[in-house]
Amino acid sequence: MDTADLDRAAREYAALLSEAAAADLAASVGKSTVGGLTDDLIGRAALLATALGAGPPPTPDGAVGAESGDAGPPDLYGGGFELPFRRAIRRLGSAARGAPSDPRAAADLAALTRDIDAGARALGRALGLA
């Protein structure tokens, strides 16, 4: 499966999120917060990666395990909060590139990509970067 659009959208979202400070995670983005939106996108990417046959996600220390609780370093000046998102997207991208063609999975990947694009726009506004 082609992941070029996913990769582009994820780079844009992660670049914006890398500017977030701890307090920014509570900023409103629609009916959610920056942190809630990011957690939702990570969760959706993880579910789709698993559905496409990816193994268990690695933990930050390299062991295999869940990504929960992996919120990044508490950096008051921004940076670090995008790392779990980047890991989830890398895992999904790897699984998608190795998966056989599946129209349902391709549609799910396209929907997630659209939501990441929309999330990036909302994130930029919430952080005052757009």
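Our structure's up above, just so we're on the same page.
A short tour of the structure in this document, coming up. Sequence order as written defines residue numbering, which begins from 1 separately in each chain. For this predicted model, a pLDDT threshold of at least 70 governs which residues receive local features, and a threshold of 80 or more governs which side-chain atom pairs are given and counted, while totals over whole chains, interfaces and linings are taken from all residues. Side-chain measures were taken over the full set of non-hydrogen atoms in the model, leaving aside hydrogen atoms and water.

What follows is about the overall build of the protein chain. Tallying secondary structure elements over the protein chain gives four helices and two strands in all. Put simply, DSSP marks the helices as runs of H or I at least four residues long and the strands as runs of E at least two long, and each gets a number from the N terminus on. Put simply, the protein chain runs from its N terminus to its C terminus through helices and strands in the order α-β-β-α-α-α. Type-normalised accessible area, obtained with a 1.4 Å probe on protein chains alone, sets the label of each residue: buried when under 20%, exposed when over 50%, and partly exposed for intermediate values. Buried residues in the protein chain amount to 44% of all 130 residues. Residue-level accessible areas treat just the shown protein chains as cover; the underlying method is Shrake-Rupley with a 1.4 Å probe. Working note: accessible area of the protein chain is about 6,800 Å², and carbon and sulfur atoms make up 56% of it.

Structurally, the position occupied by Asp24 is in the loop between helix H1 (4-17) and strand S1 (28-29). By definition in these notes, contact holds between two residues if any of their heavy atoms fall within 4.5 Å. Ignoring sequence-local partners within four residues, the contact set of Asp24 consists of Glu19, Val34 and Leu127.

Among the nonpolar cores identified, the biggest contains 35 residues, and Tyr13, Leu52, Phe85, Leu92 and Ile116 are the most heavily contacted of them. Counting only elements with at least two residues in this core, the list comes to H1, helix H2 (34-51), helix H3 (83-98) and helix H4 (103-126). The residues touching Phe85, leaving out its near neighbours within four places in the chain, are Ala10, Tyr13, Ala14, Thr38, Leu41, Ile42 and Ile116. Side-chain atoms within 4.5 Å link the members of a nonpolar core, which is a set of buried Ala, Val, Leu, Ile, Met, Phe, Trp, Tyr and Cys residues.

Next up on the list: the packing of aromatic side chains. Any pair of Phe, Tyr and Trp rings, taking the six-membered ring for Trp, is counted once the centres come within 6.5 Å. Such a pair is stacked with planes under 30 degrees apart, edge-to-face with planes over 60 apart, and tilted for the rest. A full pass over the atoms with the stated rule returns one aromatic pair. Residues Tyr13 and Phe85 carry aromatic rings whose centres are separated by 4.8 Å and whose planes lie at 45° to one another, so their mutual orientation is tilted. With Tyr13 in helix H1 and Phe85 in helix H3, the pair connects residues that are 72 residues apart, well separated along the chain. The class for Tyr13 is buried, based on a relative accessible area of 0%.

Turning to the pattern of salt bridges, a few remarks are in order. Pairing of side chains with opposite charge becomes possible as their charged atoms draw close. A carboxyl oxygen of Asp or Glu within 4 Å of a side-chain nitrogen of Lys or Arg is what we treat as a salt bridge. Tallied over the full model, the rule gives five salt bridges. Note that Arg8 and Glu12 form a salt bridge whose closest N and O atoms lie 3.5 Å from each other. Placement of both Arg8 and Glu12 in helix H1 is noted, with a separation of four residues, approximately one turn of the helix. Accessibility expressed as a relative area gives 28% for Arg8, which makes it partly exposed. Taking the shortest distance from any N to any O, the salt bridge between Arg8 and Asp117 comes out at 2.9 Å. Of the two residues, Arg8 sits in helix H1 while Asp117 sits in helix H4, which places them 109 residues apart along the sequence.

The topology assignment puts Leu83 in helix H3. For Leu83 and Ser18, which are 65 residues apart along the polypeptide, the C-alpha to C-alpha distance reads 8.3 Å.

With that settled, the discussion passes to H1. Compared with an ideal rise of 1.5 Å per residue, which puts 14 residues at 20 Å, H1 spans 20 Å between its outermost C-alpha atoms and is within 8% of the ideal. Within the sequence span of H1, burial applies to Leu6, Ala9, Ala10, Tyr13, Ala14, Leu16 and Leu17. When H1 is viewed along its axis, its buried side chains cluster within an angular range of 155° and face the same direction. Buried residues along H1 sit in contact with H2, H3 and H4. Multiplying 1.5 Å by the residue count of a helix minus one yields the expected span of that helix. Each direction from the helix axis to a C-beta atom contributes to the arc, which is the arc of those directions.

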